[in-house]
Amino acid sequence: MIRYALTEEKDRLQEIWHDAFAFDDGGFTDFFFTDLYDKGQHYVLTQEEKIAAIASVFKHDFMIGGRRLKVSMIAGVTTLPPYRNQGLMSSLLKEILDQLSRQDLLTMIQAYDSAIYQKFGFETVYHRRRYYFNYRGFNYSSTDGIKDEIVTTDLLKIYRRFTRLFSGYKTRNTDYFETMLRGIKAQNQMIRIVYDSNGNPKGYFIYERNTKQIIIHECLYLDARTLNKILSYCLAQRENVIIYLSEYERIERLYPGVAYDTSDYTMVRVNDYQLFNKLFKSEITDPLSAMTIDNKPLFMHEEI
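These figures come from a predicted structure and were not determined experimentally.

## Here's the deal with the overall build of the protein chain
Then comes step 1: Secondary structure summary: the protein chain contains nine helices and 13 strands in total.
Then comes step 2: Computed over C-alpha atoms, the radius of gyration of the protein chain comes to 20 Å, within 12% of the 19 Å expected from 2.2 N^0.38 for 304 residues, which places it in the range of a compact globule.
Then comes step 3: Dimensions along the principal axes, computed over C-alpha positions, put the protein chain at roughly 60 × 45 × 35 Å.
Then comes step 4: Across the protein chain, every contact between residues at least 6 apart in sequence was considered, and the portion connecting residues at least 24 apart equals 70%.
Then comes step 5: Between the averaged position of the 39 positive side-chain charges in the protein chain and that of its 40 negative side-chain charges there is a distance of 5 Å.

Written out as structure tokens, the structure reads:
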């Protein structure tokens, strides 16, 4: 049986998340069920009145092809161990996608194994790059203007200026950033804003620090000088820095020889090609063409 999760099942779903995503948690699960859970729709598949598989759906506004579109995002997809390899997740996803196909033009999903979702019409359209920096030989710059006093309106200014160059991004607001700050705290991460000498916000970065390295999870910068200042700030604290960026930013042109790898990040499904083509006056036949219909690079950092 497939149905919506009951209010009293929230704690059970949180337990399932803790077990299923322990390898990639870092405090996110508790934050999710405190701050994000009530904003989504949660599905369960039951067998003999026991939860066997779960998935959640969230609705967001994304800028695609110069238009603001309501997009559905599927998250938290998992089957409990005793019920795996029985086709239950396929049944659950088919039911969810059948509903979403009548509601939204596009559906997105974060996938650890993209091959699982290709049979449902999803295609990987966005990849992230993970760059590896070491303090030896780095061309340091001044770190003046990096502040830990966070102003959400400045975060929003940076985000809006940065995303002017991109498509496929979520339309964020100050409420989004207020929630994001709570998530940063819950996951023992940190955030800094970079200002120029005139007090104008030029970038921000979210990072975590351990004994060996700093990992920058989100980094927005309005010019190359700001990016170098961010890297200088982090490399002054740890010998190694890892920074996640979109595949389109190609900072290896600024830092020749820097090591990096690329990984799948976001998959997209076009739910109604006929309606999409009518709206955009196009003839696209695949998800990547839909997302890049205005020939702009993609910035798709959202997970939920």
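## Things to note about the environment of Met291
Then comes step 1: Tracing the chain through its elements places Met291 in helix H9 (residues 287–291).
Then comes step 2: Between the C-alpha atoms of Met291 and Tyr273, which are 18 residues apart in sequence, the distance is 12 Å.
Then comes step 3: For Met291, the residues in contact, after removing those within four places along its chain, are Ile64, Leu106, Met108, Val125, Ser167, Gly168, Val268, Leu298 and Met300.

## Topic: the pattern of salt bridges
Then comes step 1: If you walk through the whole model with that rule in mind, you get 15 salt bridges.
Then comes step 2: In this structure, Glu9 engages Arg3 in a salt bridge whose closest nitrogen and oxygen atoms are separated by 2.7 Å.
Then comes step 3: A salt bridge links Asp261 to Arg130; the shortest N-O distance between them is 3.1 Å. Pair noted here: Asp261 is in strand S13 (residues 259–270) and Arg130 is in strand S6 (residues 123–134), with a separation of 131 residues, a long-range link.
Then comes step 4: Judged by its relative accessible area of 27%, Asp261 falls in the partly exposed class.
Then comes step 5: Given a relative accessible area of 28%, Arg130 falls into the partly exposed group.
Then comes step 6: Within this structure, Asp61, Arg68 and Lys70 form a network of salt bridges that share partners.

## Description of the pairing of S13
Then comes step 1: Pairing of strand S5 (residues 106–110) with S13, which is carried by five bridges, proceeds in the antiparallel orientation. Paired with Thr107 across the two strands is Arg269, which belongs to S13.
Then comes step 2: Here S6 runs beside S13; their pairing, made up of nine bridges, is antiparallel. Residue pairing across strands places Arg130 opposite Asp261, the latter belonging to S13.

## Topic: the state of the cysteines
Then comes step 1: Enumeration over the complete set of coordinates arrives at zero disulfides.
Then comes step 2: Note on Cys219: no disulfide assigned, nearest cysteine sulfur contributed by Cys234 at a separation of 8.1 Å.

## With respect to unusual backbone geometry
Then comes step 1: The backbone of Asn188 shows a phi angle near 55°, a positive value even though the residue is not glycine.
Then comes step 2: Relative to the helices and strands, Asn188 resides in the loop between helix H6 (174–186) and strand S9 (190–195).
Then comes step 3: Even without being glycine, Lys281 reaches a positive phi, approximately 55°.
Then comes step 4: By relative accessible area, which is 75% here, Lys281 ends up exposed.

## Some remarks on the side chain of His42
Then comes step 1: By the secondary structure assignment, His42 is in strand S2 (residues 41–47).
Then comes step 2: A polar side-chain atom of His42 sits 2.6 Å from the main-chain carbonyl oxygen of Tyr37.
Then comes step 3: Excluding residues that lie within four positions of it along the chain, His42 makes contacts with Arg3, Tyr4, Ala5, Leu13, Phe32, Tyr37, Ala55, Ser56 and Phe58.

## Considerations on the packing of helix H5 (residues 152–163) against H6
Then comes step 1: Put simply, H5 and H6 touch, their axes get as near as 9 Å, and they point 115° apart. The orientation of H5 with respect to H6, classified from their angle, is roughly perpendicular. For the element pair H5 and H6, the recorded crossing hand is right-handed. Counting all contacts with H5, which are made through Thr152, Thr153, Leu155, Leu156 and Tyr159, the residues of H6 involved are Thr174, Phe177, Glu178, Met180 and Leu181.
Then comes step 2: By residue class, the composition of the contact of H5 with H6 is six nonpolar, three polar and one charged.

## With respect to the packing of aromatic side chains
Then comes step 1: Within this structure, the stated rule accounts for 29 aromatic pairs.
Then comes step 2: A ring pair is formed by Phe133 and Tyr255, whose centres lie 5.1 Å apart and whose planes are at 85°; its orientation type is edge-to-face. Within this pair, whereas Phe133 is found in strand S6, its partner Tyr255 is found in the loop between strand S12 (240–246) and S13, the two being separated by 122 residues in sequence.
Then comes step 3: You can call Phe133 buried: its relative accessible area is 7%.

Reading guide: rules and limits
- Numbers given to residues run from 1 along each chain, matching the order in which its sequence is written.
- Totals for whole chains, interfaces and linings use every residue, but because this is a predicted model, local features are given only for residues with pLDDT of at least 70 and side-chain atom pairs only at 80 or more, for both listing and counting.
- As a rule here, side-chain values cover all heavy atoms of the structure and leave hydrogens and water aside.
- Helix numbers and strand numbers start at the N terminus; a helix is a DSSP run of H or I with at least 4 residues, a strand a run of E with at least 2.
- C-alpha atoms define the radius of gyration in this analysis, and the globule rule sets the expected value at 2.2 Å times the number of residues to the power 0.38.
- By definition, residues are in contact when any of their heavy atoms lie within 4.5 Å.
- Think of it this way: Lys and Arg go in the positive column, Asp and Glu in the negative one, and His and the chain ends go nowhere.
- One atom stands in for each charge, and that atom is NZ of Lys, CZ of Arg, CG of Asp or CD of Glu.
- Here a salt bridge means any side-chain nitrogen of Lys or Arg lying within 4 Å of a carboxyl oxygen belonging to Asp or Glu.
- Three labels apply to residues, based on accessible area from a 1.4 Å probe with only protein chains included: buried if under 20% of the type maximum, exposed if over 50%, partly exposed otherwise in between.
- Here a strand pair is declared whenever DSSP counts at least two bridges between the two strands.
- A pair of sulfur atoms, both from cysteines and within 2.5 Å, is called a disulfide here.
- Here a polar contact is taken to be a pair of N or O atoms separated by no more than 3.5 Å, where protein atoms must pair a possible hydrogen donor with a possible acceptor and residues adjacent in sequence count only if both atoms sit in side chains.
- In this description, a line fitted to the C-alpha atoms serves as the axis of each element, helices being fitted only across the stretch in contact, and the angle between N-to-C directions of two axes falls anywhere from 0 to 180 degrees.
- Any angle that falls under 35 degrees is termed roughly parallel, while one over 145 is termed roughly antiparallel, one within 65 to 115 roughly perpendicular, and all others oblique.
- In this scheme, a crossing is called left-handed if the near helix is turned counterclockwise away from the far one by less than a right angle; it is called right-handed if the turn is clockwise.
- When residue character is reported, Ala, Val, Leu, Ile, Met, Phe, Trp, Tyr, Cys and Pro are called nonpolar, Asp, Glu, Lys and Arg charged, and the others, Gly included, polar.
- Under the pairing criterion, centres of Phe, Tyr and Trp rings, with the six-membered ring standing for Trp, must be within 6.5 Å; the plane angle then separates stacked pairs below 30 degrees from edge-to-face pairs above 60, leaving the rest tilted.

Everything listed here is a matter of geometry and, on its own, says nothing about what the molecule does.
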